[in-house]
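Each chain, written out:
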Amino acid sequence: MARAEFEELLEAGVHFGHLKRKWHPAMAPYIFMEKNGIHIIDLHKTVVKIDESAEALKKIAKSGRKILFVATKKQAKDIVAEKVQSIGMPYITERWSGGMLTNFPTIRKAVKKMSSIDKMEQDGTFASLSKREVLQINRQREKLQKNLGSIVSLTRLPAALFVVDVVREHIAIKEATRLGIPVFAIVDTNADPNLVDFAIPGNDDAAKSVEVILSKVCAAIQEGLDERKVEKDKEVEVAAKAEAEEAEAKPARKTAARKTASKK
């Protein structure tokens, strides 16, 4: 698995924290120094935390479970959508709907509503409706797609949550914690790292910083998915071989059985 590189993180500005007056005391172990009133994050510790998180996320992906990414801040939305789409994981980049996790069955109903609207359009139901009704239904479909379209593949609660901004996504973190879902997060100097299970100390405001961390995380998840596919292919191959051997053995057993019967 590719490891995080100190120089790469430095170039992306991952080490820039918030103003000293905005810091959270619990982040003290991850702060290297203060420069011009700004806290500088210890990137050596960031490297270690990225690798720890990547390894854990890889195992989750290899097990076939889903990881839900949450990033509703402007700087991270497009990056998360691009990176996470490429590995086939669900994500939220618009508003976090309260109860997304704690009231998951209701959220699933809303997702299924999109499918039912699509079916109405395909089977000709729209033809029997007025233009106003069709317009209202389409608006509802667009709203659902915007807020929930990226979690269509999430048919059950995720195995983990990955959050870009701990302060901004505090509701999502609370819901995950209540349900015992482990939380991975990029944690800046103004946040409490103790709120999450896997804290990656780093700048969560700069697009380049978020991108470099997400790249490492998503690469690890893809490795897990690839390894799972290889194992599944091997299982299918072994099963097919066993089935072929069984088919070849049947005629021989029948012949042996007839010979035994004729001797009697």
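This text follows the structure it describes.
The rules behind these values
Residues numbered from 1 in each chain as written. Predicted model: local features only at pLDDT ≥ 70, side-chain atom pairs only at ≥ 80, totals over all residues. Heavy atoms only, no water. Helix = DSSP H or I, 4+ residues; strand = E, 2+ residues; numbered from the N terminus. Expected span 1.5 Å × (residues − 1). Buried < 20%, exposed > 50% of the residue type's maximum accessible area, 1.4 Å probe, protein only. Contact = heavy atoms within 4.5 Å. Polar contact = N/O pair within 3.5 Å; in protein donor to acceptor, adjacent residues only side chain to side chain. Pairing = 2+ DSSP bridges. Axes fitted to C-alpha atoms, helices over the stretch in contact; angles between N-to-C directions. Core = buried A, V, L, I, M, F, W, Y, C linked by side-chain atoms within 4.5 Å. Phe/Tyr/Trp six-rings, centres within 6.5 Å; stacked < 30°, edge-to-face > 60°.

**Q** Mind laying out helix α4 (residues 104-122), listing which residues take part and the relevant values?
**A** With 19 residues, α4 extends 28 Å from end C-alpha to end C-alpha; this agrees with the ideal 27 Å at 1.5 Å per step. Listing the buried residues of α4 in full gives Phe104, Ile107, Arg108, Val111, Met114 and Ile117. If you follow the buried residues of α4, they end up packed against α5 (131-148). Two residues or fewer after α4 comes glycine 124, characterised by a positive phi angle close to 90°.

**Q** Please give an account of helix α2 (residues 43-62) that cites residues and values.
**A** Helix length check: α2, at 20 residues, gives a terminal C-alpha distance of 28 Å against a target of 28 Å (1.5 Å per residue), a fit within 8%. Those residues of α2 lying buried are Leu43, Thr46, Val47, Ile50, Asp51, Ser53, Ala54, Ala56, Leu57, Lys58, Ile60 and Ala61. For α2, the N-terminal capping position is held by aspartate 42, with its side-chain oxygen 3.1 Å away from the main-chain nitrogen of histidine 44. Looking at the residues trailing α2, positive phi occurs at glycine 64, about 90°.

**Q** Provide a residue-level description of the sheet that holds strand β2 (residues 31-35), including the pertinent values.
**A** Taken in spatial order, the three strands of this open sheet run β1-β3-β2, and their pairing is antiparallel. On the outer flanks of this sheet lie β1 (16-19) and β2, each paired with one strand and no other. On average, each strand axis in the sheet is inclined to that of its neighbour by 30°, with strand direction left out of account. Two strands pair when backbone bridges link them, and β1 and strand β3 (residues 38-41) are joined in this way by two bridges, in the antiparallel orientation. Residue pairing for β3: leucine 19 is matched across the bridge by isoleucine 38.

**Q** I'd like to hear about the pairing of strand β6 (residues 160-163), residue by residue, with values.
**A** With burial as the criterion, each face of β6 is covered, one bearing Ala160 and Phe162 and the other bearing Leu161 and Val163. Pairing of strand β4 (residues 67-70) with β6 involves four bridges; the strand directions are parallel. Bridging from a neighbouring strand, phenylalanine 69 pairs with phenylalanine 162 of β6. Sheet topology note: the β6/strand β7 (residues 183-187) ladder contains three bridges and is parallel.

**Q** Hey, could you go over the nonpolar core for me, with residue numbers and the actual values?
**A** Ile67, Phe69, Phe162 and Ile221 are the most contacted members of the largest nonpolar core, which has 36 residues in total. Going through the elements one at a time, α2, β4, α3 (74-86), β6, β7 and α7 (207-263) are the ones with two or more residues in this core. Leave out the neighbours within four places in its chain, and isoleucine 67 touches Leu57, Ile60, Ala61, Met89, Pro90, Ala160, Phe162 and Ile221. In this structure, Tyr30, Ile107, Leu144 and Val196 belong to the second largest nonpolar core, which totals 30 residues.

**Q** Please provide a residue-by-residue account of the packing of aromatic side chains, values included.
**A** Summed over all chains, the structure comprises two aromatic pairs. Between phenylalanine 184 and phenylalanine 198 the ring centres are 4.3 Å apart and the planes differ by 10°, which places this aromatic pair in the stacked class. Residue phenylalanine 184 is located in strand β7, and its partner phenylalanine 198 is located in strand β8 (residues 198-201); the two are separated by 14 residues in the primary sequence. Note on phenylalanine 184: relative accessible area 1%, which makes it buried.

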